[in-house]
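# Observations on chain architecture
As a plain string of letters, each chain reads:
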Amino acid sequence: MVTTTAAATAEIPVPAEAGSKIPAVIPTVPRELPAVVRRTLPNGLRVDVVARSSVPLVELRLRVPFAGSGLVHLAEAELLAETILTGSSRCDRVGLATAVQALGGSLRAGVDADRLAIVSSALATSLEPLLALIADVLTTASYPDSEFDGERDRIVEDTTIALSQPAVIAREALVRRMFGDHPYGSAIIPPSVLSEVRVERVRSLHAARVCPGGAILTLVGDVDPERALDAVEAAFGSWAGTAAPGHPPASVATAGPILIVDRPGAVQTNIRMGGRALNRSAPAHPALRLASTIFGGYFSSRLVSNIREDKGYTYSPRSSVDHHQAGSRFTVAADVSTDVTGPALLEILYELGRMAVLPPEAEELEAARQYLIGTLALSSATAAGLAGTLSGLSGAGVGVEYLRDHPRALATVTAADVQAVSAELLAPSGLVTVLVGDASKITDAVRALGAVESA
């Protein structure tokens, strides 16, 4: 595990106030990079193994490329992920769950616009039987009729409930406004589309897209890497198929008017803002992460200090930089009482504008720097955390060196760098704004801050 380098930490001042009862922050201890042992199988599956003997477990993360366009593809992918563990040539749902439990493990599946994920863990001594179970699912998943219809109906019901939640409505409105018809323009599939999916379509999708080509398997745990690679090759060697093309680049729409999605009678307004961001390989990415953190990325941020601690408008305002495979985004979120919607939006715009035109103070820059370096260390401190981190990085085409190079890059970012990237990406004039609330009560209040349109 690597958190930062000696050179990097040497440049980070450690605040220590005379007479303070709070212990001084100890600089992050440099650690060795995880040794990744890699093998690409003849069928195209890439396997990364890291030996970590702290606990007698092995963590497994499998990413299968799953890009596709249109709501029908997204609906079929969602139902595939929800039902892939309901049966195979060897086991039915109960049999599979029982077999995994007998290995002291867990197994689950999920999907997003970029990839199908298989996530598992087990006692390290059970790696080979665990791999055999997963390989059986990948190559012979049966999607029993008796299981599929019930699962589809459950997901339709869950989705219907989710779409009644204001936070979900706000998220959907924001990504739709930002990405339009691109697959990133929706995270929730309409129930009407889900309900039309038939099991035959899911079986066909599995046959066409659950393939080793372009897939990446990450193993972290108490294993011998070469023996683990041999075990993977023995279990997955007969898995066949080629990768599908990825998404086209996801561009973000220009800001436009403030979009109000009406929820008559709503006592809260869900404020969401978003814009383009830089991927992890961009030279200014560390500065952008620091800018987002200073603005609203943690509890000591300007946004929390202003509209939560000082004004009391909201409980948990926040900002973040998130990465898809074909694009990255910066987002802001705050849920406020209806009667303070205008003032809260004004303060958010003020803080974004302050980021864009003034460099941060040295103290707040250093605090954000320490926070990011520390949280990166924590994210890879456990086998599960390291497996998840490495899997996410590999999916973005970023190597394990990120764990060493990113803290080093954070340590060299200046206040001028943060101001420059904020001017480019955090300026309010470049961000899409969506409000979900009672339009009759909030429209006039926010009209003074910009043009308004209704959904």
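Definitions and limits used
- Residues numbered from 1 in each chain as written.
- Predicted model: local features only at pLDDT ≥ 70, side-chain atom pairs only at ≥ 80, totals over all residues.
- Heavy atoms only, no water.
- Helix = DSSP H or I, 4+ residues; strand = E, 2+ residues; numbered from the N terminus.
- Rg over C-alpha atoms; globule rule 2.2 N^0.38 Å.
- Buried < 20%, exposed > 50% of the residue type's maximum accessible area, 1.4 Å probe, protein only.
- Contact = heavy atoms within 4.5 Å.
- Pairing = 2+ DSSP bridges.
- Axes fitted to C-alpha atoms, helices over the stretch in contact; angles between N-to-C directions.
- Lys, Arg positive; Asp, Glu negative; His and termini not counted.
- Salt bridge = Lys/Arg side-chain N within 4 Å of Asp/Glu carboxyl O.
- Polar contact = N/O pair within 3.5 Å; in protein donor to acceptor, adjacent residues only side chain to side chain.
- pLDDT = per-residue confidence, 0-100.
- Patch = residues over 30% accessible without salt bridge, like charges linked within 9 Å, V, L, I, M, F, W, Y side chains within 5 Å.
- Areas by Shrake-Rupley, 256 points an atom, 1.4 Å probe, with all protein chains shown as cover.
- Phe/Tyr/Trp six-rings, centres within 6.5 Å; stacked < 30°, edge-to-face > 60°.
- Lys NZ or Arg CZ within 6 Å of the ring centre and 35° of its normal.
- Expected span 1.5 Å × (residues − 1).
- Parallel < 35°, antiparallel > 145°, perpendicular 65-115°, else oblique.
- Left-handed = near helix turned anticlockwise from the far one by under 90°.
- Nonpolar A, V, L, I, M, F, W, Y, C, P; charged D, E, K, R; others polar.
- Core = buried A, V, L, I, M, F, W, Y, C linked by side-chain atoms within 4.5 Å.

### Things to note about the overall build of the protein chain
Across its full length, the protein chain carries 17 helices and twelve strands. Its C-alpha atoms give the protein chain a radius of gyration of 24 Å, near enough to 23 Å, the size a compact globule of 455 residues would have. C-alpha extents for the protein chain along the principal axes are approximately 65 × 55 × 40 Å. For the protein chain, with 455 residues in total, the buried portion stands at 50%. Sequence-distant contacts in the protein chain: of pairs separated by 6 or more residues, those separated by 24 or more amount to 82%.

### Brief notes about the sheet that holds strand 7 (residues 258–262)
Across the sheet, which stays open at both edges, the six strands sit in the order 9-10-8-11-7-12 with mixed pairing between neighbours. Each edge of the sheet is formed by a strand with only one pairing partner; in this case those strands are strand 9 (318–324) and strand 12 (452–454). Neighbouring strand axes in the sheet, compared pairwise and without regard to direction, differ in orientation by 25° on average. In this structure, strand 7 lies alongside strand 12, joined through three bridges in parallel fashion. Bridging across to strand 12, I260 finds its partner in S454.

### So, the side chain of R52
By the secondary structure assignment, R52 is in the loop between strand 2 (46–51) and strand 3 (57–65). Comment: no salt bridge for buried R52; closest opposite-charge side chain is D222, at 10 Å. A distance of 3.3 Å separates a polar atom in the side chain of R52 from the backbone oxygen of A381.

### Looking at the sheet that holds strand 3
Pairing in this open sheet of six strands is mixed, and the strands run 1-2-6-3-5-4 from one edge to the other. The sheet is open, and its two edges are formed by strand 1 (36–40) and strand 4 (106–111), each paired on a single side. Direction aside, the axes of adjacent strands within the sheet are offset by 15° on average. Direction of pairing for strand 1 relative to strand 2: antiparallel, over a ladder of five bridges. Along strand 2, the bridge assignment pairs R39 with V47. Packed onto the sheet, helix 9 (residues 225–236) meets strand 1, strand 2 and strand 6 (216–221) and runs at close to 25° relative to strand 1. Sitting on the sheet, helix 14 (residues 383–395) is in contact with strand 2, strand 3 and strand 6, with an inclination near 20° to strand 3.

### So, the confidence of the model for the protein chain
Confidence in the prediction of the protein chain, expressed as mean pLDDT, is 92, and 95% of residues score 70 or more. Contacts for the low-pLDDT stretch residues 1–14, under 50 throughout, to residues beyond four places or in other chains number 51 contacts.

### What to know about a nonpolar patch on the surface
A surface patch of nonpolar side chains, about 200 Å² in accessible area, is lined by V55, L57 and L123. Structurally, L57 can be placed in strand 3.

### Section: unusual backbone geometry
For Y143, which is not glycine, the phi dihedral falls at a positive 45°. Relative to the assigned elements, Y143 resides in the loop between helix 4 (127–140) and helix 5 (145–162). According to the relative accessible area criterion, Y143 is buried, its value standing at 1%.

### What about the packing of aromatic side chains?
Here the distance between the centres and the angle between the planes together describe a pair of aromatic rings. If you walk through the whole model with that rule in mind, you get four aromatic pairs. Ring geometry for F236 versus W239: centroids 6.0 Å apart, planes at 55°, classification tilted. Neither residue differs from the other here; F236 and W239 are each classed as buried. Over the ring of F66 we find R209, and its NZ or CZ is 5.4 Å from the ring centre. In this structure, R308 is placed above the aromatic ring of Y315, and the distance from its NZ or CZ to the ring centre is 4.5 Å.

### Here's the deal with helix 4
End to end, helix 4 covers 20 Å across 14 residues, agreeing with the expected 20 Å (1.5 Å per residue, within 8%). Residues of helix 4 that are buried: L127, L130, L131, L133, I134, A135, D136, V137 and L138.

### Observations concerning the packing of helix 12 (residues 341–357) against helix 17 (residues 439–447)
As a packed pair, helix 12 and helix 17 sit with axes 8 Å apart at the nearest point and diverge in direction by 40°. Considered as vectors, helix 12 and helix 17 are oriented oblique to each other. The chirality of how helix 12 crosses helix 17 is right-handed. Counted together, T341, G342 and L345 of helix 12 and I442, A445 and V446 of helix 17 form the full contact between these two elements. Classifying every residue of the contact of helix 12 with helix 17 by side-chain character gives four nonpolar, two polar and no charged.

### Looking at the nonpolar core
Grouped together as the largest cluster of nonpolar side chains are 57 residues, with contacts concentrated most on L45, L62, L80, L219, V232 and F236. Broken down by element, the residue count for this core peaks at eight residues, all from helix 4. Residues in contact with L62, not counting those within four places in the same chain, are L45, L116, A117, I118, L138, A215, I216, L217 and W239. Formed by 43 residues, the second largest nonpolar core is a distinct cluster that contains A291, V336, L345 and V418.

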